[in-house]
Amino acid sequence: MTPNIAHYGVLSHYPQPNRTEHANIGIVVFLADGSVRVHFGQDLKKLRAMDPQVDLDAVRSWESGLPKMLAGQTQEQATAYLRNFGQWKLSPTLGKFSYTDEDKYLQRVANALHSLVSAPKSDRRERAEVSRLHMDLKTAFNAKGWLGRDIDNHEIVERYPIGPMTTAEFALQNGRLHVIESLDLRTTNPSAKRHDARSKALTLDMARKAAKNTARYAILAGIDSPMMSEAKALMEDYSEHVYTWESAADMNELMGLLGKATGKPGMPLPLPH
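Residues numbered from 1 in each chain as written. Predicted model: local features only at pLDDT ≥ 70, side-chain atom pairs only at ≥ 80, totals over all residues. Heavy atoms only, no water.

Novice: Would you mind going over the pattern of salt bridges with me for this structure?
Specialist: Applying the stated criterion to the full structure yields ten salt bridges. Salt-bridge contacts for Glu158 lead to Arg159; the nearest nitrogen and oxygen are separated by 3.7 Å. We classify Arg159 as partly exposed; its relative accessible area is 40%. With its nearest N and O atoms 2.7 Å apart, the salt bridge here joins Lys200 to Glu169. With Lys200 in helix α6 (residues 190-210) and Glu169 in strand β7 (residues 166-173), the pair connects residues that are 31 residues apart, well separated along the chain. Here the two residues Lys200 and Glu169 agree in accessibility, since each one is buried. (Salt bridge = Lys/Arg side-chain N within 4 Å of Asp/Glu carboxyl O. Buried < 20%, exposed > 50% of the residue type's maximum accessible area, 1.4 Å probe, protein only. Helix = DSSP H or I, 4+ residues; strand = E, 2+ residues; numbered from the N terminus.)

Novice: Mind showing me how you'd approach the sheet that holds strand β8 (residues 177-184) here?
Specialist: What holds strands together in a sheet is hydrogen bonding between their backbones, with the strands either parallel or antiparallel. Read across the open sheet, the five strands follow the order β6-β7-β8-β9-β10; overall the sheet is mixed. Across the chains shown, the open sheet's two edge strands, defined by having one partner strand only, are β6 (157-163) and β10 (241-244). Across the sheet, the mean angle separating the axes of adjacent strands is 40° when strand polarity is ignored. Here β7 runs beside β8; their pairing, made up of four bridges, is antiparallel. Each residue of the ladder has a partner; that of Phe170, found in β8, is Ile180. Its contacts with the sheet put α6 on β6, β7, β8 and β9 (214-221), and the angle it makes with β8 is roughly 175°. (Pairing = 2+ DSSP bridges. Axes fitted to C-alpha atoms, helices over the stretch in contact; angles between N-to-C directions. Contact = heavy atoms within 4.5 Å.)

Rendered as structure tokens:
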């Protein structure tokens, strides 16, 4: 079977015609029989992000409306018309692909849209949100040489799985599972911190169930927070050790316990800022 040849151009949306910022939104395909077909990308969120005023339903209506408007025009006439079609512009050069049937045609269209229109997927792993207190503790553990990736080598590891859908903020193993959870109350959003406190309590409770011999630590920051006493009471129900980040005495006691567990006592911590 002799393959058919189709020519296509990329259709781009320019929110402000006098500027170069634009988003590729679809392709216009010119078939050998003189007909025109228009295909938009499946996800046009980037178009909405660039131009919040755009009506996506109106945009998609042109998938059928544009071929009707171009009916009867030659390829040269249609391309010239589309290269200055309001906020839309057709690419100055055309690509081409071959196909033998409708399935092959749609496959070629999908490949073109994926390559030229679809936003690239991020290869970055999803990262959990962390508080300032978490980062302060991580810095302190790292400075003492305790932070690592091998929990079986008496290193403190981040985000250690302890049960279904449950991950410890920090964990350490030395024949006993040590689980460390922090709660940063230095916030203007109390409701979010109440949810966070319940989540921390659940994690500490899961740690107790995950191992026969555990040591559970809760570190709270925000001595001026109206939630401090309530949060401290909650953490005391689920952990053997509850400390206040702003207390040098508390932190030195915590670091002493963890230093013994890691086998690397280190130096006392300075008063937190």
